[in-house]
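Here is how the chains run, residue by residue.
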Amino acid sequence: GEVKNMGLPAFRAKQIYEWLHQKRAAGYDEMTNLPAALRERLKAEYPLADVIIERKLVSKIDGTVKYLFRLGDGEHVEGVRMAYKRGGSLCISTQCGCRMGCTFCASTLTGLCRNLTPSEMLCEVYLAAKDAEESGEKIASMVLMGIGEPLDNFDNVMDFLTIVTSEQGFNLGMRHISLSTCGLVPMIRRLEEERLQLTLSVSLHASNDALRSRLMPVNRRWPLGELMPACRHYFEATGRRISFEYAMIRDVNDTAACARQLIGLLRGFSCHVNLIPLNHVE
């Protein structure tokens, strides 16, 4: 549509899309089959997202790679690439900061700065993929579990998913993508309507309302009595099994009584439970 509005032939849109999402060009100057005048016009009217890897840390234990991405306005987000036998998995951020306020999470310490655009999220993937390829590795799966609440940036995340799964682009299968939420019930219903074949991961972290509300302020707005029916309906509508994330906090939510409550909460529900050792946050 934008190419048409510029008065250009339709094939230019295909060329630009291929440069951006197949060849993953860093700038318009690399698009050598576009006229120089057009490249200059695109630079002026449609500047590309300015994202770089500012810092890269590699674990000596298992080779896990942690990226610090600097965005064009000076803000920063993080991503993590993990190596598995089936291929690399990339964890990306969807917001600068987070407003959900979970008490044990570092991402929310400074609140929400802003949403990431689809192009900034794509840059996280493309930069990490290029870095992986330099060592002969490939990104085979992706999790939206970094900084931010993906469903709090719903429209941008949906646009990002459309492009990153496009056969004409990065072509990552939707079934190889997991999206995490702390439990925004209305947005879970909106996601259900999209009928995407991704995996929905729900951050549960407690099996009763009193404890979950203390750990996760979102539970005061949408308690378990609303969240769990929404999750069950999501599974029934999409056929996609939900993964429940449970960060175990010593002597808080890791007791035998909590385990029994969790079993009762999920009884009869086709789901996966991921028990996560918690890293302490000052």
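These figures come from a predicted structure and were not determined experimentally. (Residues numbered from 1 in each chain as written. Predicted model: local features only at pLDDT ≥ 70, side-chain atom pairs only at ≥ 80, totals over all residues. Heavy atoms only, no water.)

1. Some points on a nonpolar patch on the surface
The grouping of Met 248, Val 273 and Leu 275 at the surface amounts to a nonpolar patch, some 220 Å² of accessible area in total. As for its position among the elements, Met 248 is in strand β10 (residues 242-248). (Patch = residues over 30% accessible without salt bridge, like charges linked within 9 Å, V, L, I, M, F, W, Y side chains within 5 Å. Areas by Shrake-Rupley, 256 points an atom, 1.4 Å probe, with all protein chains shown as cover. Salt bridge = Lys/Arg side-chain N within 4 Å of Asp/Glu carboxyl O. Helix = DSSP H or I, 4+ residues; strand = E, 2+ residues; numbered from the N terminus.)

2. Some points on the pattern of salt bridges
Within this structure, the stated rule accounts for 14 salt bridges. With a closest N to O distance of 2.8 Å, Asp 73 and Arg 114 form a salt bridge. Of this pair, Asp 73 sits in the loop between β2 (65-70) and β3 (76-82) while Arg 114 is found in strand β6 (residues 112-115), placing the two residues 41 residues apart along the sequence. Residue classification places Asp 73 among the partly exposed residues on the basis of a relative accessible area of 46%. Arg 190 is the partner of Asp 155 in a salt bridge, and the nearest nitrogen-oxygen pair spans 3.1 Å. (Buried < 20%, exposed > 50% of the residue type's maximum accessible area, 1.4 Å probe, protein only.)

3. A few points about the side chain of Asn 153
With respect to the helices, strands and loops of the structure, Asn 153 is situated in the loop between β7 (139-144) and α5 (154-164). In this structure Asn 153 comes out as buried when scored by relative accessible area, which is 3%. Side-chain polar atoms of Asn 153 contact the backbone oxygen of Thr 94, separated by 3.0 Å. Excluding residues within four positions of it along the chain, Asn 153 makes contact with Thr 94, Gln 95, Asn 115, Leu 116 and Met 121. (Polar contact = N/O pair within 3.5 Å; in protein donor to acceptor, adjacent residues only side chain to side chain. Contact = heavy atoms within 4.5 Å.)

4. Notes on the layout of surface pockets
A volume near 1000 Å³ is recorded for the second largest pocket. Lining the second largest pocket are 35 residues, and of these Leu 20, His 21, Tyr 28, Leu 48 and Ser 119 sit closest to its centre. Within the residue set of the lining of the second largest pocket, elements represented by two or more residues are α1 (2-5), α2 (11-21) and α4 (118-133). Classifying every residue of the lining of the second largest pocket gives 25 nonpolar, three polar and seven charged. (1 Å grid on protein atoms, 1.4 Å probe; cavity = no way out; pocket = protein on both sides within 12 Å on 5 of 7 lines; lining within 4 Å. Points joined across faces, edges and corners; volume = space filled by probe spheres on them. Nonpolar A, V, L, I, M, F, W, Y, C, P; charged D, E, K, R; others polar.)

5. A word on the sheet that holds β2
The nine strands are arranged β1-β2-β3-β4-β7-β8-β9-β10-β11 in an open sheet whose pairing can be described as mixed. Looking along the sheet, the strands with just one partner apiece sit at the ends: β1 (52-58) and β11 (271-277). Direction aside, the axes of adjacent strands within the sheet are offset by 25° on average. As judged from the six bridges shared by β2 and β3, these two strands associate in the antiparallel manner. Along β3, the bridge assignment pairs Val 65 with Arg 81. (Pairing = 2+ DSSP bridges. Axes fitted to C-alpha atoms, helices over the stretch in contact; angles between N-to-C directions.)

6. A few points about the state of the cysteines
A complete count under the given rule lists zero disulfides for this structure. Take Cys 98: it sits in no disulfide, and the sulfur closest to it among the cysteines is that of Cys 105, at 6.5 Å. In this structure Cys 123 is a free cysteine whose sulfur lies 13 Å from that of Cys 96, the closest cysteine sulfur available. (Disulfide = S-S within 2.5 Å.)

7. Describing helix α3 (residues 36-45)
When we look at burial in α3, the residues that qualify are Leu 38, Arg 39 and Leu 42. Angularly, the buried residues of α3 cover 100° about the axis, an arc narrow enough to put them on a single face. Exposed residues on α3 whose side chains face more than 90 degrees from its buried face are Ala 37 and Ala 44. Against the buried residues of α3 lie α2. (Arc of directions from axis to C-beta.)

8. Let's talk about the side chain of Ser 180
Within the element layout of this structure, Ser 180 appears in strand β8 (residues 177-181). Residue classification places Ser 180 among the buried positions, given a relative accessible area of 10%. Discounting chain neighbours no more than four positions away, the residues touching Ser 180 are Leu 144, Met 145, Glu 149, Pro 150, Ser 201 and Ser 203.

9. Things to note about the nonpolar core
Formed by 68 residues in total, the largest nonpolar core has its most connected members in Phe 160, Leu 161, Leu 179, Leu 191 and Phe 244. Counting residues per element, this core draws most heavily on α4, at seven residues. For Leu 161, the residues in contact, after removing those within four places along its chain, are Met 174, Ile 177, Leu 179, Leu 196 and Leu 198. Grouped together as the second largest cluster of nonpolar side chains are eleven residues, Trp 19, Leu 20, Ala 25 and Met 31 included. (Core = buried A, V, L, I, M, F, W, Y, C linked by side-chain atoms within 4.5 Å.)

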